[in-house]
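Spelled out, the chains give:
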Amino acid sequence: MIETEARKEILSAEKPDPPLRGEPYLGGYYTEEEIDAVVRTMRESMDWHVGFGFMTQEILDFEEAFAEFCGTEFAISINGAGTGLDMAMMALDLEPGDEVIVPAINFKAAPLSIVGQGGQVVWCEVDPRTLQADPSDVESRITPRTRAIYPVHMNGLSAPMDDLLDIADRNPHPVHGPLKVIGDAARACGGKYRDTRIGKKGWMTVFSFHTQKLMTTLGEGGAVTTDDPELARRLRGFRQFGGETGEWGTNYKITKVQAAVGLVQVRRLDEMLAKRRRIAHKRTEMLAEVPELTLPYEPPDCMHTYYLYTCLVPKEWAGEKRDRMMQILEDEYGVGCVVANPPVYEGHGPADRPDRNILRDSTAGQTLPISDELGMRLFCVPIQPLMTDELNEYICAAVIEAVERMKAE
Ligand SMILES: Cc1ncc(COP(=O)(O)O)c(C=O)c1O
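The text that follows walks through the structure, step by step, so that each part is easy to find. The structure presented is a predicted model; accordingly, all values stated were derived computationally and were not measured.

1. Observations concerning the overall build of the protein
- Looking only at helices and strands, the protein features 14 helices and 12 strands.
- Scaling as 2.2 N^0.38, a compact globule of 409 residues should have a C-alpha radius of gyration of about 22 Å, and the protein matches this with 22 Å.
- Seen through its principal axes, the protein has C-alpha atoms that stretch 70 × 55 × 45 Å.
- Counting only residues that meet the buried cut, the protein has 57% of its 409 residues in that class.
- Long-range contacts, defined as pairs at least 24 residues apart, comprise 72% of the intrachain contacts of the protein with a sequence gap of at least 6.
- Carbon and sulfur atoms make up 53% of the accessible area of the protein, which amounts to about 17,200 Å² in all.
- Separation of charge centres in the protein, based on 44 positive and 65 negative side chains, amounts to 1 Å.

Here you go:
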């Protein structure tokens with residue numbers, strides 16, 4: 001806890017201008033090693049006998065290193081997690097009306113990938129303590145049409161994979177057998193669950209290397225991990241005009257420059273995560289005695305990556321009061337926060353066309369009271385591995401001050 005006098009002193013520092021972003025634009029950081037990798041691969045490609053190539057050695061090396069990091073047989077690199085999630089739904093060969101269960105507290109990419117393949121989105125609730133899919137709620141939503149359970153490793157923590165896999169086994173589809181469990185780990189690269197890295201458990205797991213993510217490949221990129229050789233073959237086919245499968249496919253590849261950078265980033269990922277975790281743990285110490293805030297929870301069997309530092313305000317502050325607190329943080333202290341994420345069906349449509357919202361309309365009638373409430377209570381405070389201790393302290397002082405202001409109302 002930072003006492004009142006110390007807080008005033010810390011907050012007398014100049015406020016960040018422009019305000020910090022709740023989800024910073026660069027999630028990791030680059031070193032001279034990545035710059036050397038870019039220059040080297042680009043120089044080599046300037047030879048017209050060489051060019052940028054198709055599946056080059058850089059791409060194969062990166063895939064091998066990423067698979068090894070996750071402890072999986074295969075990693076298939078792709079140009080983004082959105083693409084990987086689409087590929088996951090393609091691999092299910094959904095028939096109209098087939099259902100996929102996905103958390104409502106989520107980014108929109110996973111539910112949109114279900115819709116894109118003609119499936120039916122079935123929302124599930126999350127555990128308010130972890131923000132991860134709630135296994136008992138998932139089980140209650142299974143029907144004979146359910147094909148897959150589609151957890152997101154929300155905000156950097158692992159979903160309860162063993163519980164979900166157990167449910168998938170106990171509730172087989174009448175034709176396709178055990179339900180598939182597919183993870184969206186766009187925000188959770190390098191996190192751990194029990195004795196595994198995120199990406200090992202389940203049928204397949206999708207990662208993002210977008211600029212905001214924990215490791216990045218020059219702005220865009222992603223990968224899918226799996227231990228299933230037939231699935232790996234199909235995924236490679238989707239990525240490169242059918243590949244060896246004779247099936248449909250298109251072009252979802254990354255460039256060799258991105259792969260060369262990814263190879264360095266994956267070697268440095270643990271170091272970047274250690275910095276993030278150190279900042280998160282210091283922050284948790286500084287905010288621990290603010291009873292109004294529920295701080296991120298790290299279960300003993302997980303290693304949280306703290307992609308986002310997610311807090312909850314009290315129930316009585318849900319909605320408008322939470323929003324005002326965030327406004328104070330941004331306007332008066334330059335600490336922008338982000339609500340990541342409210343239930344996906346809420347915010348999908350364009351503001352000027354409230355009648356258009358495919359995620360809301362295609363799931364009308366499903367009720368998610370826990371997610372609705374969490375969406376009004378959560379907010380994410382900026383975190384980045386290069387953040388200094390001084391800035392972390394300033395952010396904590398600002399958060400405490402904003403909480404005090406709300407209490408005094
Ligand atoms: C949970 C989640 N899933 C999927 C995506 C999509 O990732 P990409 O930008 O690599 O397509 C994101 C990115 O914001 C995300 O946060």
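Resuming the write-up.
2. Describing a nonpolar patch on the surface
- There is a patch of nonpolar side chains on the surface, built from Leu 26, Tyr 30 and Leu 218 and spanning about 230 Å² of accessible area.
- Position of Leu 218 relative to the elements: it lies in the loop between strand E8 (204-208) and strand E9 (222-226).

3. Comments concerning the site of the ligand
- Inspection of the region around the ligand gives 14 residues, with Ala 81, Gly 82, Asp 184, Arg 187 and Ser 208 positioned closest.
- At 2.8 Å from an oxygen atom of the ligand is found a main-chain nitrogen or oxygen belonging to Gly 82.
- Between the ligand and Arg 187, the relevant distance is 2.7 Å, taken from an oxygen atom to a side-chain nitrogen or oxygen of the residue.
- Bound to the protein, the ligand loses 88% of the 390 Å² it would expose on its own.
- The biggest single contributor to the shell around the ligand is helix H4 (residues 81-91), with 3 residues.

4. Some thoughts on the sheet that holds strand E7 (residues 196-197)
- Strand order in the open sheet made by the 3 strands is E7-E6-E10, with antiparallel pairing throughout. Two strands in the sheet have a free side with no partner beyond their single neighbour: E7 and strand E10 (302-303).
- Pairing between strand E6 (residues 192-193) and E10: 2 bridges, direction antiparallel. Bridging across to E10, Lys 192 finds its partner in Met 303.

5. Side note on the pattern of salt bridges
- Going through the model one piece at a time under the given rule, you end up with 31 salt bridges.
- Linking Glu 63 and Arg 239 is a salt bridge whose minimum nitrogen-to-oxygen distance equals 2.6 Å. Highlighted residues: Glu 63 in helix H3 (residues 57-70) and Arg 239 in helix H8 (residues 229-239), separated in sequence by 176 residues. Summarising the burial analysis for this pair, Glu 63 and Arg 239 share the class buried.
- Measuring nitrogen to oxygen at the nearest pair gives 3.0 Å for the salt bridge that ties Arg 405 to Glu 332. Of this pair, Arg 405 sits in helix H14 (residues 389-408) while Glu 332 sits in helix H10 (residues 320-333), and the two are 73 residues apart along the sequence.

6. With respect to the pairing of strand E2 (residues 99-103)
- For E2, a buried count of 5 out of 5 residues is recorded, marking the element as mostly surrounded by other parts of the structure.
- Burial along E2 is two-sided: the residues Glu 99, Ile 101 and Pro 103 and Val 100 and Val 102 are all buried.
- As paired elements, E2 and strand E3 (residues 120-124) share 5 bridges and run parallel to each other. The partner of Glu 99 across the bridge, within E3, is Gln 120.
- Tracing the backbone out of E2, into helix H5 (residues 109-116) and back to the parallel element E3 gives a crossover that is right-handed.
- Note that E2 and strand E4 (residues 146-149) share 3 bridges and pair parallel. The residue of E4 that forms the bridge with Ile 101 is Ile 149.

What counts and how
- Residues numbered from 1 in each chain as written.
- Predicted model: local features only at pLDDT ≥ 70, side-chain atom pairs only at ≥ 80, totals over all residues.
- Heavy atoms only, no water.
- Helix = DSSP H or I, 4+ residues; strand = E, 2+ residues; numbered from the N terminus.
- Rg over C-alpha atoms; globule rule 2.2 N^0.38 Å.
- Buried < 20%, exposed > 50% of the residue type's maximum accessible area, 1.4 Å probe, protein only.
- Contact = heavy atoms within 4.5 Å.
- Areas by Shrake-Rupley, 256 points an atom, 1.4 Å probe, with all protein chains shown as cover.
- Lys, Arg positive; Asp, Glu negative; His and termini not counted.
- Charge placed at Lys NZ, Arg CZ, Asp CG, Glu CD.
- Patch = residues over 30% accessible without salt bridge, like charges linked within 9 Å, V, L, I, M, F, W, Y side chains within 5 Å.
- Salt bridge = Lys/Arg side-chain N within 4 Å of Asp/Glu carboxyl O.
- Near = heavy atom within 4 Å.
- Polar contact = N/O pair within 3.5 Å; in protein donor to acceptor, adjacent residues only side chain to side chain.
- Pairing = 2+ DSSP bridges.
- Right-handed = clockwise from strand over helix to strand, strands pointing away.

On their own, these measurements won't tell you what the molecule is for.
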